[in-house]
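# Fold and contact review
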Amino acid sequence: MLYLNGRFCRAEDAMISALDRGCLFGDGVYEVIPVYSRNPFRLDEHLARLDASLAAISLPNPHTPLQWAELVREVIRLQAYDDQSVYLHVTRGNAGERDFPFPAGVAPTVLINPSPLVTPSPEAKAKGVRAISHADFRWLRCDIKSLNLLPTVLLREAAKQQGCAECLMFRDGMLSEGAASNVFVVKQGVIACPPKNHLILPGITYDLVIELARQHGVPMEVRPVTEAEVRNADELWMTSSTREVLAIVELDGQAVGDGCVGPMARQLDQYYQDFKRTVMRA
Ligand code: PMP
């Protein structure tokens, strides 16, 4: 069961117009919220980022945070499985014609579609994963969680073709992020990650990992990170709501550090898992 424009229905009964602006232009924004044992994780933070994405594209938020929370909880309740990945999107709706400027008086399309949550396998956690890199050829508003995901599609396909789990991106010699993750480097016991700006998505997991590092007194620098630093790092990790903290042990065929999951990755993942358990019990 999913939610579409005011009603709960089966996926096969959920119809969106072919002229929906999400379909024609990618004119919309989205969120992916992990759900553990039917509890949405960092829901307020995801709803705040959704609100920021909507504001950035001048699309009025159709719901208050409370209304969103109720819809999300109802969708979660309707599923047969406990751990979920709740995909949510809002588009500028169906204008009935293909014209670029905003249409007047058109209701947004609201979709909330859950699926079973897939997190990294125990093997991927224990051994780490491989990644490739590519020039960051996306636009200059990567802080908006936009439906325009063609770069991500192309880069993730390229990674997959090479047996890799992610593609890291560089712009002008600096690290931006992964195709669908934020990236952290570790050198001599100090963690570093790029600052939040228009070149990266403000990750919910990124924020939490920084907060946990600071809470536990782990050296953590938020500052621009060079490509050379990435290539000479002792450890590299990606973070995202579904991948959590996942070590990258090989980049473009070269071992990262000693090629094994490093102690800092293990430590921060442990803090993350502990935090998750505490919150989920509350
Ligand atoms: N950057 C990009 C480009 C992403 O698509 C994602 C996944 N949503 C992230 C970073 C990680 O964000 P989060 O921790 O909120 O899942």
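The name given to the chain in an unreviewed UniProt entry is D-amino acid aminotransferase, with the source organism recorded as Chitinimonas prasina. Under the UniProt heading Sequence similarities (unreviewed entry), the note attached to the chain is "Belongs to the class-IV pyridoxal-phosphate-dependent aminotransferase family."

### Focus on the domain arrangement of the chain
Per the domain assignment, the segments of the chain are domain 1 (2-116) and domain 2 (122-281). Relative to domain 2, the C-alpha centre of domain 1 lies at a distance of 26 Å. Taken together, the 23 residues of domain 1 in the interface contact 12 residues of domain 2. Breaking the side of domain 1 that touches domain 2 down by element, the ones donating at least two residues are strand E3 (28-36), helix H2 (43-56) and strand E5 (84-91). Sort the elements by how many residues they give to the side of domain 1 that touches domain 2 and E3 lands first, with 8 residues. By residue class, the composition of the side of domain 1 that touches domain 2 is 9 nonpolar, 10 polar and 4 charged.

### A short note on the environment of Phe8
Position of Phe8 among the secondary structure elements: in strand E2 (residues 7-9). By C-beta crowding, Phe8 is classed as partly exposed, having 15 other C-beta atoms within 10 Å. The spatial distance from the C-alpha of Phe8 to the C-alpha of Ile112 is 9.3 Å, given a sequence separation of 104 residues. Discounting chain neighbours no more than four positions away, the residues touching Phe8 are Met1, Tyr3, Glu74 and Leu78.

### What about unusual backbone geometry?
Positive phi, normally seen in glycine, also occurs at Arg38, with a value near 70°. Mapped onto the elements of the fold, Arg38 is located in the loop between E3 and strand E4 (39-40). By the C-beta count within 10 Å, which is 14 here, Arg38 ends up partly exposed. In this structure, Gln188 is a non-glycine residue whose phi angle is positive, near 45°. Considering the arrangement of structural elements, one finds Gln188 in the loop between strand E10 (182-187) and strand E11 (190-193).

### With respect to the nonpolar core
In this structure, Ala131, Val209, Trp237 and Ile248 are the most contacted members of the largest nonpolar core, which totals 42 residues. Excluding residues within four positions of it along the chain, Trp237 makes contact with Phe184, Val245, Leu246, Ala247, Ile248 and Ala265. With 15 residues, the next largest nonpolar core counts Tyr3, Trp68, Val86 and Ile112 among its residues.

### Some thoughts on the pairing of E3
Here 8 bridges tie E3 to E5, and the two strands are oriented antiparallel to one another. Counted as the bridge partner of Ile33 is Val86 from E5. As paired elements, E3 and E4 share 2 bridges and run antiparallel to each other. Within E4, the position partnered with Val35 by the bridge is Pro40. The loop that links E3 with its antiparallel partner E4 comprises 2 residues; one of these, Ser37, has a positive phi angle of about 50°.

Calculation notes
- Residues numbered from 1 in each chain as written.
- Predicted model: local features only at pLDDT ≥ 70, side-chain atom pairs only at ≥ 80, totals over all residues.
- UniProt positions renumbered as here; feature names shortened; annotations may be inferred.
- Domains from an automatic or database assignment.
- Contact = placed C-beta atoms within 7 Å.
- Helix = DSSP H or I, 4+ residues; strand = E, 2+ residues; numbered from the N terminus.
- Nonpolar A, V, L, I, M, F, W, Y, C, P; charged D, E, K, R; others polar.
- Buried ≥ 20, exposed ≤ 12 C-beta atoms within 10 Å, placed from the backbone.
- Core = buried A, V, L, I, M, F, W, Y, C linked by C-beta atoms within 7 Å.
- Pairing = 2+ DSSP bridges.

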